[in-house]
Amino acid sequence: MAKWIKRMLVMVFFTMVITTTLYGFERMAEADIDNVPGNYPYVETLMLESSRYTQPDDVDPAVMSDYETLFTLAYDELDLETLGFVKMLENDDIELYFEVDSFSVMVRNKTTGYLWSSRPEFQGISGNREDNTSNRNLMNSGLWVTYGRSAKITSSTIQTESLYTIADVSYQTNGAIMEGQEDPLSPFLIEEDSYQTNRVENTIVNARETAFDVQVNIKSLGFQMTVSFALDGASFDAAIQNQSIIETNETYTLLSVSLFPYLGAAREDKIPGYAVIPDGVGALVRLDRAHNALFQARFYGADAGYNSTTLPELSVPIFGLVHRVGGNAFYAEVTEGSENTQLIAQFWGDNSRYHRIHSRFSVRQIFRTIINKAGDGNDAVSEQMTTSDYRINYRFMSNDEASYVGIAADYRDHLIARNVLSQREKVVDGSIPLHTSYITGDQEPAFIGTSHVEMTTPSEMLDRYQSFKDAGITNQQVTVYGWSKDGFVYRAPYRTRIHDERDFKTLFETITGDQNTVYLENEYLISTELSTRVSYNRDVARNLSRLKMSYTRRDLNGNTMDIYYLIPESSYRMAKDDQSFFEDLGITGLQSGNLGHTLFSTYDDGVIYERSQGIRYYDDILSLYDGWLLSRPNSLVYQHLNGYLDMPITNSQFDYYTDLIPLIPIILKGSLSYYTPYLNFNALGDDRLLMMVDFGINPSYVLTEEPTYEMRYTNASMFFTTEANLYQESIIGTYDWLNTALSPVINAKIEAREILQIGLSKVTYDNGVVIYVNYTNNDLIKDGITIEARGYEVIMP
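Since this is a predicted model, take the numbers as computed values, not measurements. (Residues numbered from 1 in each chain as written. Predicted model: local features only at pLDDT ≥ 70, side-chain atom pairs only at ≥ 80, totals over all residues. Heavy atoms only, no water.)

Before going further, it helps to spend a moment on the overall build of the chain. Tallying secondary structure elements over the chain gives 16 helices and 45 strands in all. In terms of overall size, the chain behaves like a compact globule, its C-alpha atoms giving a radius of gyration of 29 Å where 797 residues would be expected to give roughly 28 Å. In terms of overall dimensions, the chain has a C-alpha envelope of 85 × 85 × 70 Å along the principal axes. Per-residue burial over the chain gives 56% buried out of 797 residues. Partitioning the contacts of the chain with sequence separation of at least 6, the portion at a separation of at least 24 is 67%. Taking the average place of the 62 positive charges on the side chains of the chain and the average place of its 107 negative ones, the gap between the two points comes to 7 Å. (Helix = DSSP H or I, 4+ residues; strand = E, 2+ residues; numbered from the N terminus. Rg over C-alpha atoms; globule rule 2.2 N^0.38 Å. Buried < 20%, exposed > 50% of the residue type's maximum accessible area, 1.4 Å probe, protein only. Contact = heavy atoms within 4.5 Å. Lys, Arg positive; Asp, Glu negative; His and termini not counted. Charge placed at Lys NZ, Arg CZ, Asp CG, Glu CD.)

Have a look at this one:
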């Protein structure tokens, strides 16, 4: 009886819920739908104020006043002398002071008079004690080493210590500066003779007009190295030659070196500005709040050879710190050894009162040694030290250049000066390019083996190409997927057996005859068990655990696939073997999904081959052809690109990121055409298109002539909506809308970008064109110009 009553009550409850829900839907249907956005403006505001967009650089006047009067360094020559700093280098742009024992620098920007310190300044303010000597010693020294005991190194036993820590320095005070106290130097003053030179000793040698060297001798650990400094305009280099690193104590093993971890560190919310992180398309972390977060990632992504993983995509080896937008900034570029360098940032929170950002150069890395088939093992470190040198350049920005735009533009100009970038955006008839990828077909399981599913023939591609041309889209960049008889998805590197070769050559001749470009997709870095061209024993690389780099991937249907990372030498051999075949076809070049952004270390016959060796082989592969389209490539391969595919539309979206910025587009605009991920799969609607105008991104689609469901049993089913007839009208309309905005700025560089108010950006190009982009649902008026809701306005010079 009790169970029956309980069931009845449950049924009554669910009936009431369903009735209430249906009543609510009915009332909603009766409502005026057009008024819904007006009823909820806060939803739009919250979205536009989120880290998915760039925010205005507004600063509270009281905060700005305090920053300028209380939290801007004002050391004079006597103060610097008291702290032990000596002016070592000077030119028309900067002065560099150096304190040898702590390995600290002060840099004065002569344009603005601003002083940058490698020590976290304003310690002990408001009477706060800084009495944790270990923390003070880390903060107040500009060189850190990470090491472990050689007998047993694990991730949990490695140590990071500064020169002050190793020298066992002690201080004259507890670090607190009481209100009214006139001695801001006191937190840095150490007790006489507390620096133990029998443990650490630094010596300045080879001092010249524009350079000097410092010999670092960490006696207690048996580490020696030479750090070289040099001035170049408004920047200085710090470099460590690999050959200068010497280990003399078998008890300890050096793992990494960090230079100036606290350069420009910002105390709590006292300094208005932000950190610049090259994650995805670009990210900012504003310094006006506590984030209580630690960021750590390798440049150019994780190294599968060490079984490491990382979410952020750092495709350029730079980072920056801005102290007041339009005031002062610096950014650092790792010019040598970036493939072995990590970006580290710690933001104000429970463990630190400072925001800081720096790089860490890995001399060695920890990896896992496997001892049985179950995957059990231990942490280990190679005896082999990196063969890479390390060089980092710190550049100091002034006034209007002190922003993420100024940082990206300056880095772009340096790449142009090195001939890495040049003016090679794709232009036909003064219009922007449309990138289209056509899937010719793929293999599906059959009773015996597989059978080919044809999705688009060469003649159908030609007809579609012509239909876009007839609609006024004369600037087209075409990629062909599935051209090999081997198939398409998971089957590269393909054998050079092409479907319908004569028809394909007609297609290629027509496209190139119109001054357009055509590429065949191939992949030489990563393969699978389905490739008929790859030998597991000969071509699949080994990781540092000495295991084959074979990983099982499972799809949503539960199907598994073994993914292989190929030995770089094998990759090059296969690419070289294919060269004459592709040249005979008359194509522009190749497209690759992994070449350009995937780097990994390998092991072979007792030798560790670092990512730098892979870089050399991949550069040789890229040199085989005049043109490449690469997906999300890093800056190491920019010189080989005809186009940049799959421009990130976001970053890792960590909760402490405050802004999304077009860092990579600013670097590339005016030099390369770059394209959005396929708009077939656009889940952001108009927002994505507005961002494309804002960031200068070109459109891209993947298409088939046959309905997409025809390839539902192939691995190409991952492209879940491709039928060209369904997209033809949308492609033409979207292209025309984007072309109207972006054709006036082809081959132009982004000179400035401002957020005039929440949801409204203004982008200025070096040819004088200005583009306003309105992300809001309301018409906005700025500078006497009306920008329609969810639209843009182009102002010609």
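The next thing to look at is the sheet that holds strand E31 (residues 560-565). Strands sit in the order E29-E31-E30 across an open sheet of three strands; the sheet is antiparallel. The two strands at the open ends of the sheet, each matched to only one other strand, are strand E29 (526-528) and strand E30 (550-554). Averaged over all neighbouring strand pairs, the angle between strand axes comes to 35°, with direction disregarded. Pairing geometry for E30 and E31, over five bridges, is antiparallel. Paired with Arg-553 across the bridge in E31 is Met-561. (Pairing = 2+ DSSP bridges. Axes fitted to C-alpha atoms, helices over the stretch in contact; angles between N-to-C directions.)

For the peptide bond that leads from Ala-492 to Pro-493, omega is -5°, which places it in the cis range. For Gln-515, which is not glycine, the phi torsion reads 65° and is therefore positive. Looking at where Gln-515 falls in the secondary structure, it is placed in the loop between helix H10 (501-513) and strand E28 (517-521). Residue Gln-515 is classed as exposed on the basis of its relative accessible area of 61%. Of note, Asp-783 is a non-glycine position whose phi angle comes to about 55°, a positive value. By the secondary structure assignment, Asp-783 is in the loop between strand E43 (780-782) and strand E44 (785-787).

So, on to the packing of helix H12 (residues 568-585) against helix H13 (residues 611-622). Here H12 crosses H13 at 5°, and the two axes come no closer than 9 Å. Comparing their axes, H13 and H12 come out roughly parallel. When H12 is examined against H13, the residues Pro-568, Glu-569, Ser-571, Tyr-572 and Ala-575 are found in contact with a partner set consisting of Gly-614, Tyr-617, Tyr-618, Asp-620 and Ile-621. For the contact of H12 with H13, the class distribution of residues is six nonpolar, two polar and two charged. (Parallel < 35°, antiparallel > 145°, perpendicular 65-115°, else oblique. Nonpolar A, V, L, I, M, F, W, Y, C, P; charged D, E, K, R; others polar.)

With that out of the way, let us pick up the pairing of strand E10 (residues 235-240). For E10, the tally of buried residues reaches six of six residues, placing the bulk of the element in the interior. Here E10 shows a buried face lined by Ser-235, Asp-237 and Ala-239 and a second buried face lined by Phe-236, Ala-238 and Ile-240. In the sheet, strand E9 (residues 223-231) pairs with E10 via five bridges, with the strands oriented antiparallel. Directly across from Ser-228, in E10, lies its bridge partner Ala-239. Between E9 and E10, which pair antiparallel and follow one another directly, the connecting turn spans three residues, one of which, Gly-233, has a positive phi of 60°.

Time to look at H12. Across its 18 residues, H12 extends 26 Å between first and last C-alpha, which sits within 8% of the 26 Å expected from 1.5 Å per residue. Residue Gln-579 marks the point of greatest curvature in H12, where the axis turns by about 40°. Taken together, the buried positions of H12 are occupied by Pro-568, Ser-570, Ser-571, Met-574, Ala-575, Asp-578, Gln-579, Phe-581, Phe-582 and Leu-585. (Expected span 1.5 Å × (residues − 1). Bend = angle between axes of the 7 residues up to and from the residue.)

Moving on, we come to the packing of helix H15 (residues 686-695) against helix H16 (residues 724-742). Running from amino to carboxyl end, H15 crosses H16 at an angle of 30°, the nearest separation of the two axes being 9 Å. In terms of their interaxial angle, H15 and H16 are classed as roughly parallel. In terms of crossing hand, the pair formed by H15 and H16 is right-handed. Contacts from Leu-689, Leu-690, Met-692 and Val-693 of H15 reach H16 at Thr-734, Trp-737, Leu-738, Ala-741 and Leu-742. Taken together, the residues of the contact of H15 with H16 sort by class into eight nonpolar, one polar and no charged. (Left-handed = near helix turned anticlockwise from the far one by under 90°.)

Here we take up a nonpolar patch on the surface. Where nonpolar side chains cluster on the molecular surface, the patch consists of Tyr-42, Val-43 and Leu-46 and spans about 320 Å² of accessible area. With respect to the helices and strands, Leu-46 occurs in helix H3 (residues 41-48). A relative accessible area of 56% places Leu-46 in the exposed class. (Patch = residues over 30% accessible without salt bridge, like charges linked within 9 Å, V, L, I, M, F, W, Y side chains within 5 Å. Areas by Shrake-Rupley, 256 points an atom, 1.4 Å probe, with all protein chains shown as cover. Salt bridge = Lys/Arg side-chain N within 4 Å of Asp/Glu carboxyl O.)

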